[in-house]
Amino acid sequence: MPRPVVTELRLSAYAGRRSATYRLGSVTLFTGPSGSGKSTVLGAYEALARLGAGDPLAEVFPDPDAHVPESARPDAQGRRGFRIGCTVDGPVGPVRLDLAVQAEPRLRIVGERLTRHGRTLLTTALRDPGRASVQAAWLTAGATPVTRAPLPDDLLGTALLPLRVAGATEGQREVLAAAEQAVVGLRSLFPCAPEPSRMRAPVAPGEGRLLRDCANLAEVLHRTHTACPRRHQRLAAVAGAGCAGPVTGIGVRELPDGTVDALLARGARPATPLGRLGDGELRYLALALTLLTGPGILAMDRIAEVPDAMQCLTLLADDLDRGLDGRQCSALLGLTAAIAADGHIRLAGSVREGTAAEARRTPGVTVVDLTP
């Protein structure tokens, strides 16, 4: 049975994008010159994912004016905003989610639409600007065709439906299935942005879940070394493709102060602490680790009610190839395509043109050129 995944992003009116639609494959890399909108597209994806996870609108868009198209003019009431959306494919087929956000004069969701096969399952609209709510209507298909109720104007209505719909009628069950698919597909996202300057020092042992900036890489390697030996061995096997010199394994050590450190084993040669590696080597190792692990290793909310076998993790990696040389980029692209082929991992990222050229030659990788 297919796992819920985001297969399309729509930036109808968002920052510098208008009427833009982007298909997402198992590995999708955006490329283009500086200012072409690579980070804008990936930022819209992350924003939708956070809304799907239940984050309030103000936390997702702390500077909403930055997302309003420059050409947008306020209406008679002084309102300006932006529109984004996505399609989540899965067991119930393609489900479309479209969102209209008002940035001025006050940040709020003024319209939301959830559809499946052209049938509207949920729609919301701002009826009274003086209230902090929108009027929602969702399919019932019972004695009453639709159910109407107010929903908060700062939360995604689709994410609230599983708490509001009983599933007593066929229509309600269709709404629930579509809403749950959309939420699972959106929430299964892990933004990864390794920062080598934060990854060099030994760290205190903890729960061993990799942070967004990968600052606790040594801690996570300490965990995988003991709890996930097969994953750890596989990481050690691919480490040599991105690190200088012979690499025979990845080890960990506990220091006298209680912190842990990680080292690259080099056969008969002395081991090299991770803190001595170059920026590109550290970023390569961190990105490879995210590809070889899963939600249980990454610092993200597990979707406990959905079995792992029914989830597909999407890694979001803006500026994926920053600091990487050609050899490291080629190895990482090959690893990404191989991992994504089994359907459990997807990747959406941005790369420079040189890496994009290599990606175009890699089977299973889709390159989207945003050059104006």
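The structure this text deals with has already been given above.
Residues numbered from 1 in each chain as written. Predicted model: local features only at pLDDT ≥ 70, side-chain atom pairs only at ≥ 80, totals over all residues. Heavy atoms only, no water.

Novice: Please clarify how the environment of Thr 371 should be interpreted in this entry.
Specialist: Residue placement: Thr 371 occurs in the segment after β16 (366-369). In this structure the C-alpha to C-alpha distance between Thr 371 and Pro 33, which are 338 residues apart in sequence, comes to 6.3 Å. In contact with Thr 371, not counting residues within four places along its chain, are Thr 31, Gly 32 and Pro 33. Here the side chain of Thr 371 touches Asp 369 through a polar contact of 2.6 Å, side chain to side chain. (Helix = DSSP H or I, 4+ residues; strand = E, 2+ residues; numbered from the N terminus. Contact = heavy atoms within 4.5 Å. Polar contact = N/O pair within 3.5 Å; in protein donor to acceptor, adjacent residues only side chain to side chain.)

Novice: Got a minute to help me understand empty space enclosed by the protein in this structure?
Specialist: Any empty space left between the atoms is revealed when a probe the size of a water molecule rolls over them. Across all of its chains, the model carries two cavities of 30 Å³ or more by this definition. Here the largest cavity is characterised by a volume of approximately 40 Å³. In terms of lining residues, the largest cavity is bounded by Val 6, Leu 24, Gly 25, Thr 28, Tyr 45, Thr 314, Arg 346, Leu 347 and Ala 348. For the lining of the largest cavity, the leading source of residues is strand β15 (residues 345-350), giving three residues. Looking at the lining of the largest cavity, its residues break down into five nonpolar, three polar and one charged. Taken as a whole, the second largest cavity spans an internal volume of roughly 30 Å³. As for the second largest cavity, its lining consists of Thr 224, Arg 231, His 232, Leu 235, Leu 289, Leu 292 and Thr 293. Among the elements of the structure, α6 (229-239) and α7 (279-292) are those that each provide at least two residues to the lining of the second largest cavity. For the lining of the second largest cavity, the leading source of residues is α6, giving three residues. (1 Å grid on protein atoms, 1.4 Å probe; cavity = no way out; pocket = protein on both sides within 12 Å on 5 of 7 lines; lining within 4 Å. Points joined across faces, edges and corners; volume = space filled by probe spheres on them. Nonpolar A, V, L, I, M, F, W, Y, C, P; charged D, E, K, R; others polar.)

Novice: Before we go on, may I ask you to explain the sheet that holds strand β1 (residues 5-14) in this structure?
Specialist: Whether parallel or antiparallel, the strands of a sheet pair through hydrogen bonds between backbone atoms. Reading across the sheet, the eight strands line up as β2-β1-β4-β5-β6-β7-β8-β9 and stay open at both edges, with antiparallel pairing between neighbours. Of all strands in the sheet, those with a lone pairing partner are β2 (17-23) and β9 (146-152), marking the two edges. Each strand of the sheet is rotated relative to its neighbour by a mean of 15°, with strand direction disregarded. For strand β7 (residues 119-125) and strand β8 (residues 133-139), the ladder comprises four bridges, and the chain directions are antiparallel. Each bridged residue has a counterpart across the sheet, and for Thr 124 the counterpart in β8 is Ala 136. (Pairing = 2+ DSSP bridges. Axes fitted to C-alpha atoms, helices over the stretch in contact; angles between N-to-C directions.)

Novice: Sorry, what's going on with the state of the cysteines here?
Specialist: Put plainly, two cysteines are in a disulfide when a covalent bond ties their sulfur atoms together. As enumerated under the stated definition, the model contains zero disulfides in all. Free of any disulfide, Cys 243 has its nearest cysteine sulfur in Cys 329, 14 Å distant. Judged by its relative accessible area of 7%, Cys 329 falls in the buried class. (Disulfide = S-S within 2.5 Å. Buried < 20%, exposed > 50% of the residue type's maximum accessible area, 1.4 Å probe, protein only.)

Novice: Would you mind going over the environment of Ala 356 with me for this structure?
Specialist: Relative to the helices and strands, Ala 356 resides in helix α9 (residues 353-360). Ala 356 gets classed as buried once you look at its relative accessible area, which sits at 0%. Taking the C-alpha atoms as reference points, Ala 356 and Leu 161, separated by 195 residues in sequence, lie 40 Å from one another. Ala 356 has contacts with Thr 31, Val 351 and Val 367, leaving out every residue within four places of it along the chain.

Novice: Sorry, what's going on with the sheet that holds strand β12 (residues 260-266) here?
Specialist: If you walk across this open sheet you meet the three strands as β11-β12-β13, and the pairing is antiparallel. The open sheet has two edge strands with one neighbour each: β11 (249-254) and β13 (269-273). Averaged over all pairs of adjacent strands, the angle between strand axes in this sheet comes to 35°, irrespective of strand direction. Across three bridges, β12 lies against β13 in antiparallel orientation. From the neighbouring strand, Arg 266 faces β13, where its bridge partner is Arg 269.

Novice: How should the side chain of Thr 272 be read in this particular structure?
Specialist: For Thr 272, the location among the structural elements is in strand β13. The exposure class of Thr 272 is buried, given its relative accessible area of 16%. In terms of polar contacts, Thr 272 uses its side chain to reach the side chain of Arg 266, at 2.9 Å. Here Thr 272 is in contact with Ala 262, Leu 263, Leu 264, Arg 266 and Leu 277, once residues within four sequence places are set aside.

Novice: Can you help me understand unusual backbone geometry in this one?
Specialist: Trans peptide bonds make up most of the peptide bonds, and negative phi angles are found at most residues other than glycine. Between Glu 104 and Pro 105 the backbone carries a cis peptide bond, its omega angle lying at 0°. When you line up the elements, Pro 105 lands in the loop between β5 (95-104) and β6 (108-116). Residues other than glycine seldom take positive phi values, yet Ser 19 does so here, at roughly 50°. Judged by its relative accessible area of 67%, Ser 19 falls in the exposed class. In this model, His 117 sits at a positive phi of 55°, which is unusual for a non-glycine residue. Within the fold, His 117 resides in the loop between β6 and β7.

Novice: Please explain the nonpolar core as it appears in this structure.
Specialist: Nonpolar side chains in soluble globular proteins tend to be buried together. Residues Leu 9, Phe 61 and Leu 114 are the most contacted members of the largest nonpolar core, which totals 58 residues. No other element matches the eight residues that helix α1 (residues 38-52) contributes to this core. For Leu 114, the residues in contact, after removing those within four places along its chain, are Val 95, Arg 96, Leu 97, Arg 119, Thr 120, Leu 121, Leu 122, Thr 158, Leu 161, Ala 178, Ala 179 and Ala 182. In terms of nonpolar packing, the next biggest core, distinct from the first, is built from 56 residues, Leu 235, Ile 250, Val 260 and Leu 292 among them. (Core = buried A, V, L, I, M, F, W, Y, C linked by side-chain atoms within 4.5 Å.)

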